[in-house]
Amino acid sequence: MKQKMKPATLCVQAGWQPQNGEPRVLPIYQSTTFKYDNTEEMADLFDLKKEGYFYTRLQNPTNDVVASKIAALEGGVGAVLTSSGQAANFYAIFNICEAGDHFVTSNEIYGGTYNLFGVTLKKLGIECTFVSQEASEEEISAAFRPNTKALFGETISNPGGQILDIEKFARIAHKHGVPLIVDNTFPTPINCRPFEWGADIVTHSTTKYMDGHATQVGGCVVDSGNFDWDTCTHVGNTTPDGAPSGKEKFPGLCTPDESYHGLTYTKKFGKMAYTTKLVAQLMRDLGSIPAPQNSFLLNLGLETLHLRMRQHCKNAQRVAEFLEKDERVAWVHYCGLPSDKNYALGQKYLPNGSCGVIAFGLKGDRQTAVHFMDSLQMIAIVTHVADARTCVLHPASHTHRQLSDEQLREAGVAPDLIRLSVGIEDCDDILADIRQALDKI
């Protein structure tokens, strides 16, 4: 029986299993195409009758190894790497939604995702309804329609730092016969595995903690294998009376695909139906793949993920406690603080730590936040978050500036919100820089 490895070991060992005489380190298969000896072998690959490599837009050994490592870390049956976290969220939805469909999402999500869901997908004929994740199950259920295909949320919201009640969202989604999709970027599977709480699909911006060094842009979609697309039920649940069949609810997965000679993904691929369709249809036609070298860099980051997350959380806890006590700080959101409204949810879903991202506001106005940030010396203002270096951003002025004040409030982004991503430097140096900048406001 194969040994079941723990997350720290999976970070280092999962994915690449070299055979006798093969490289110990995952190679970069920097090739667009792969050679075959006869046309029949190639034809079988195009017909999905056999597995193999023929064109990197669809599959590449380096990319697939890293995807399998992330799937192992999350406890999923399969995963697909994408060229960005935004692409991952787009594919996760578009793989089961088409023009005329609808989905429900928490409004506590990243500004770019908010715009993707509320503006861009609408142009493709896919509508979404934004709900407060703090609303009751009855209120959230009221947003569902007969054509609703998914429920979406972020484990830890970016930038507000709110914690998703995954079990509640899973109950709502499964009651309505749809999957729960969770963006798990901030805690990573080191600190939270949403599948264990009922989620069905997980997405990541691998640009963030998984890479950890700001060297590549990427994303990932992971399937738990726990949602039965044919019966519209999560594993262990019963089908409610009058519920639609998979052929009605998810025809792309449960009815023949004429672009692949009439095969039906759920019949042909079972638990791998969702990820196979994502590659065979969406990657085939849209092609948002990572370069193999980017996947190689991502894999290097994954090897130390378990170590870095521990230090991010340790440093962030100290910084959050410092900010909470400083009289110049108006408020702090970090679920590790007992005073935080998300503390109980944090203890439930993230008992070993959450992430290094803190949301806080200063007493004063928007200009006070700007002056504080401009006074920082070691901590850099960058359009990034969650890497080894401490960095800071003012979302209302930067990542979320496309949103109106009303949309900002709905997304949990106050005008004075400062997003501080605490790195893995010596915490005394981080605190010293924050202290000297506060002294200048």
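Just above, that's the structure.
It should be emphasised that the depicted structure is a prediction, and the values quoted were computed from it without experimental measurement.

Participant: Could you give an account of the packing of aromatic side chains, with specific residues and numbers?
Facilitator: Working definition: an aromatic ring pair is given by the centre-to-centre distance plus the angle between the planes. Scanning all chains against the criterion turns up 14 aromatic pairs. Aromatic side chains F90 and Y91 sit 5.7 Å apart centroid to centroid with 50° between the ring planes, which places their arrangement in the tilted category. The burial state of F90 is the same as that of Y91; both residues are buried.

Participant: Mind laying out the sheet that holds strand β11 (residues 357-362), listing which residues take part and the relevant values?
Facilitator: Strand order in the open sheet formed by five strands is β10-β11-β14-β13-β12, with mixed pairing between adjacent strands. Each end of this open sheet is capped by a strand with a single partner; those strands are β10 (329-333) and β12 (380-381). Across the sheet, helix α14 (residues 305-325) lies against β10, β11 and β14 (418-421), angled at about 15° from β11, the strand it touches most.

Participant: Quick one: what's the story with the pattern of salt bridges, residue by residue and with numbers?
Facilitator: Evaluation of the coordinates by the stated rule reveals 13 salt bridges. The closest approach of N and O atoms between D44 and K50, which form a salt bridge, is 3.8 Å. The exposure class assigned to D44 is buried, which follows from its relative accessible area of 14%. Classification of K50 by relative accessible area gives partly exposed; the value is 49%. A salt bridge links E196 to R193; its shortest N-O distance comes to 2.9 Å. Its relative accessible area of 21% is what places R193 among the partly exposed residues. Through salt bridges with shared partners, a single ionic network connects D326, R328 and D439.

Participant: Let's hear about the sheet that holds strand β6 (residues 201-205): which residues, and what values?
Facilitator: One open sheet holds the seven strands; their spatial order is β1-β7-β6-β5-β4-β2-β3, and the pairing between them is mixed. Both outer strands of the open sheet, β1 (78-82) and β3 (127-131), are each paired with one neighbouring strand and no more. When strand polarity is set aside, the average angle formed by the axes of neighbouring strands in this sheet is 20°. Strand direction decides the pairing type here: strand β4 (residues 148-154) and strand β5 (residues 180-183), joined by four bridges, are parallel. Looking at β5, one finds that G153 is bridged to V182. Across the sheet, helix α5 (residues 111-123) is in contact with β2 (102-106), β3 and β4; its angle to β3 comes to roughly 140°.

Participant: Outline the packing of helix α3 (residues 61-74) against helix α13 (residues 292-302), supporting the account with residue identities and numerical values.
Facilitator: Viewed as axis vectors pointing N to C, α3 and α13 meet at an angle of 35°, and their least axial separation amounts to 8 Å. Judged by the twist between their axes, the crossing of α3 over α13 is left-handed. Within the contact between the two elements, α3 uses T62, N63, V66, K69, I70 and L73 and α13 uses P292, S295, F296, L298, N299 and L302. Its residues placed into classes, the contact of α3 with α13 shows seven nonpolar, four polar and one charged.

Participant: So, α5: which residues are in play, and what are the values?
Facilitator: Its 13 residues give α5 an end-to-end C-alpha distance of 18 Å, which sits within 8% of 18 Å, the value for a rise of 1.5 Å per residue. The sharpest bend along α5 measures roughly 35° and falls at F117. Buried within α5 are the following residues: G111, G112, T113, Y114, L116, F117, G118 and L121. Directly beyond the C-terminal end of α5, a positive phi value near 85° is found at G125.

Criteria and thresholds
Residues numbered from 1 in each chain as written. Predicted model: local features only at pLDDT ≥ 70, side-chain atom pairs only at ≥ 80, totals over all residues. Heavy atoms only, no water. Phe/Tyr/Trp six-rings, centres within 6.5 Å; stacked < 30°, edge-to-face > 60°. Buried < 20%, exposed > 50% of the residue type's maximum accessible area, 1.4 Å probe, protein only. Pairing = 2+ DSSP bridges. Helix = DSSP H or I, 4+ residues; strand = E, 2+ residues; numbered from the N terminus. Contact = heavy atoms within 4.5 Å. Axes fitted to C-alpha atoms, helices over the stretch in contact; angles between N-to-C directions. Salt bridge = Lys/Arg side-chain N within 4 Å of Asp/Glu carboxyl O. Left-handed = near helix turned anticlockwise from the far one by under 90°. Nonpolar A, V, L, I, M, F, W, Y, C, P; charged D, E, K, R; others polar. Expected span 1.5 Å × (residues − 1). Bend = angle between axes of the 7 residues up to and from the residue.

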